[in-house]
Amino acid sequence: MIVNAPEFLAMRFEEHRPHLRAVAYRMLGSLAEADDAVQETWLRLAGSDDRRIDNLGGWLTTVVGRVCLDMLRARKRRGEEPLEERLPDPVISREDGADPEQEALLADSVGLALLVVLESLSPAERLAFVLHDLFGLSFEEIAPVVDRTPATAKKLASRARLRVRGTTPSPDPDRADQRRVVDAFLTAARGGDFDALLALLDPDVVLRADGGALTGGLRTIRGAAAVAGQLDTFQRMATAATIRPALVNGAAGLVNTLGGQPLSVMSFTVTGGRVAAIDILSDPARLADLDLASAEN
């Protein structure tokens, strides 16, 4: 079979699409915007002379990085509400991990807690950190994307690394251990057992809850006693909702529905056998855009 040049180029691009979407998701924290960035990258490739591209993967990575950088800067110019005022889009997949597309998106298991911190970086810092620390690009490759020297690009990544370090707890690697802690959390919530719930929480636990316009955006609660103080809310959820275990950004989580409609998505960061972070998305508008069916076994 003879494949013409445009079709061959499209085939080669599709080979790189999962990687490009992963880069864009970490840069933008939005699945829809990540898809837009990947599409724009394809348009730029289709309009270029691909015969001059020696390393297609590297070329595409730098282009999608530049596209995302432009999108982040455009947000600031438009005066949009900063994304640190909302939770990033969660990536939901099946408990057994048998979802190749979602697994590719989370190839380095970037949790919601890390994405929240990335939202607080400047666009250039975020790009330098994502491309170097998460995807291994050299500072020589990153420099022209951010219009800086390699030395300055290295400083951008270093500043970002300092912001990230110590602010995002590392989850326990065993998902079965994570699930046991989440199951114990649910049991304590259903039973209204304050002491049991408190014992499961890290002293410095952080709860982030984003209900969108219904709740005035993102609310953050810190400390075990304060988070355990939300027991009444947890109990209502645990007793009224239909709860399905799922992986949320590669970690143990829950998808909760009520009357067949999505109620919330909960992500748990379990560190040292205790819950170090809980991220809850309950914004109806954003839940409606998520592929919750991908969590079904």
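Everything below is about the structure shown above.
Notes on the structure in this doc start here. (Residues numbered from 1 in each chain as written. Predicted model: local features only at pLDDT ≥ 70, side-chain atom pairs only at ≥ 80, totals over all residues. Heavy atoms only, no water.)

Moving on, we come to the overall build of the chain. The helix and strand tally for the chain stands at 13 helices and seven strands. For the chain, buried positions account for 48% of its 297 residues. In the chain, of all internal contacts separated by at least 6 residues, the share reaching a separation of at least 24 is 65%. (Helix = DSSP H or I, 4+ residues; strand = E, 2+ residues; numbered from the N terminus. Buried < 20%, exposed > 50% of the residue type's maximum accessible area, 1.4 Å probe, protein only. Contact = heavy atoms within 4.5 Å.)

Looking now at the pattern of salt bridges. Two side chains carrying opposite charge are able to pair once their charged atoms lie near each other. Here the structure, examined in full by the defined rule, presents eleven salt bridges. Across the pair Glu40 and Arg44 runs a salt bridge, and its minimum N-O distance is 3.1 Å. Within this pair, Glu40 and its partner Arg44 are both found in helix α2 (residues 31–46), separated by four residues, close to a single helical turn. Taking relative accessible area as the criterion, Glu40 reaches 31% and is therefore assigned partly exposed. By relative accessible area, which is 33% here, Arg44 ends up partly exposed. A salt bridge links Asp210 to Arg286, with the shortest nitrogen-to-oxygen separation between them at 3.1 Å. Note that Asp210 is positioned in strand β2 (residues 201–210) and Arg286 in helix α13 (residues 284–287), a separation of 76 residues in sequence. (Salt bridge = Lys/Arg side-chain N within 4 Å of Asp/Glu carboxyl O.)

Checked against the element boundaries, Arg179 lands in helix α9 (residues 175–191). Residues contacting Arg179, with those up to four places away along its chain left out, are Glu95, Pro245, Ala246, Ala252, Gly253 and Leu254.

Attention shifts here to the sheet that holds strand β1 (residues 92–93). Strand order in this open sheet of seven strands is β1-β4-β5-β6-β7-β2-β3, and the pairing throughout is mixed. The open sheet has two edge strands, β1 and β3 (218–222), and neither has a second partner. Direction of pairing for β2 relative to β3: antiparallel, over a ladder of five bridges. When the bridges of β3 are listed, Val206 appears paired with Arg222. Contacting β2, β4 (242–248), β5 (251–258), β6 (261–271) and β7 (274–281), helix α12 (residues 231–240) crosses the sheet at an angle of about 105° to β4. (Pairing = 2+ DSSP bridges. Axes fitted to C-alpha atoms, helices over the stretch in contact; angles between N-to-C directions.)

The next subject is the pairing of β4. Here β1 runs beside β4; their pairing, made up of two bridges, is antiparallel. Each bridged residue has a counterpart across the sheet, and for Ser93 the counterpart in β4 is Leu247. Here β4 pairs with β5 via seven bridges, running antiparallel. By the bridge assignment, Arg244 is partnered in β5 with Val255. Hairpin remark: β4 followed by β5, antiparallel, with two residues in the connecting loop; positive phi at Asn249, about 50°.

Moving on to the environment of Pro90. Along the polypeptide, Pro90 turns up in the loop between α3 (56–78) and β1. Taking the C-alpha atoms as reference points, Pro90 and Ser267, 177 residues apart in sequence, are found 8.4 Å from one another. Leave out the neighbours within four places in its chain, and Pro90 touches Tyr25, Leu31, Leu112, Val248, Asn249, Val265, Leu281 and Leu290.

Let us now look at the environment of Phe139. As for its placement among the helices and strands, Phe139 is situated in helix α7 (residues 139–146). A relative accessible area of 11% means that Phe139 is categorised as buried. For the pair Phe139 and Lys155, spaced 16 residues apart in sequence, the C-alpha separation works out to 9.8 Å. Discounting residues that sit within four places of it in the chain, Phe139 has contacts with His132, Pro150, Ala153, Lys154 and Ala157.

Turning to helix α5 (residues 112–119), a few remarks are in order. With eight of eight residues buried, α5 is to be regarded as a mostly interior element. For α5, the set of buried residues is Leu112, Ala113, Leu114, Leu115, Val116, Val117, Leu118 and Glu119.

Now for the packing of aromatic side chains. Ring pairs (aromatic) are described by centroid distance and by the angle formed between their planes. Counted according to the given criterion, the structure contains three aromatic pairs. Centre to centre, the rings of Phe13 and Trp42 are 5.3 Å apart; their planes meet at 50°, and the pair counts as tilted. Pair noted here: Phe13 is in helix α1 (residues 5–28) and Trp42 is in helix α2, with a separation of 29 residues, a long-range link. The exposure class assigned to Phe13 is buried, which follows from its relative accessible area of 1%. Aromatic side chains Phe185 and Phe268 sit 5.1 Å apart centroid to centroid with 65° between the ring planes, which places their arrangement in the edge-to-face category. Taken together, the residues span a long stretch of sequence, with Phe185 in helix α9 and Phe268 in strand β6 at a distance of 83 residues. (Phe/Tyr/Trp six-rings, centres within 6.5 Å; stacked < 30°, edge-to-face > 60°.)

With that out of the way, let us pick up α2. The first and last C-alpha atoms of α2 sit 23 Å apart over 16 residues, in line with the 22 Å expected at 1.5 Å per residue. Here α2 starts with a cap whose side-chain oxygen sits 3.2 Å from the backbone nitrogen of Glu33, and that cap is Ser30. (Expected span 1.5 Å × (residues − 1). Polar contact = N/O pair within 3.5 Å; in protein donor to acceptor, adjacent residues only side chain to side chain.)

Attention shifts here to the packing of helix α6 (residues 123–134) against α7. Contact geometry for α6 and α7: axes closest at 10 Å, N-to-C directions at 155°. Our classification of the angle between α6 and α7 gives roughly antiparallel. The two elements α6 and α7 meet at a crossing, and its hand is right-handed. Contact residues: α6 offers Ala124, Leu127, Ala128, Leu131 and His132, while α7 offers Phe139, Ile142, Val145 and Val146. (Parallel < 35°, antiparallel > 145°, perpendicular 65-115°, else oblique. Left-handed = near helix turned anticlockwise from the far one by under 90°.)

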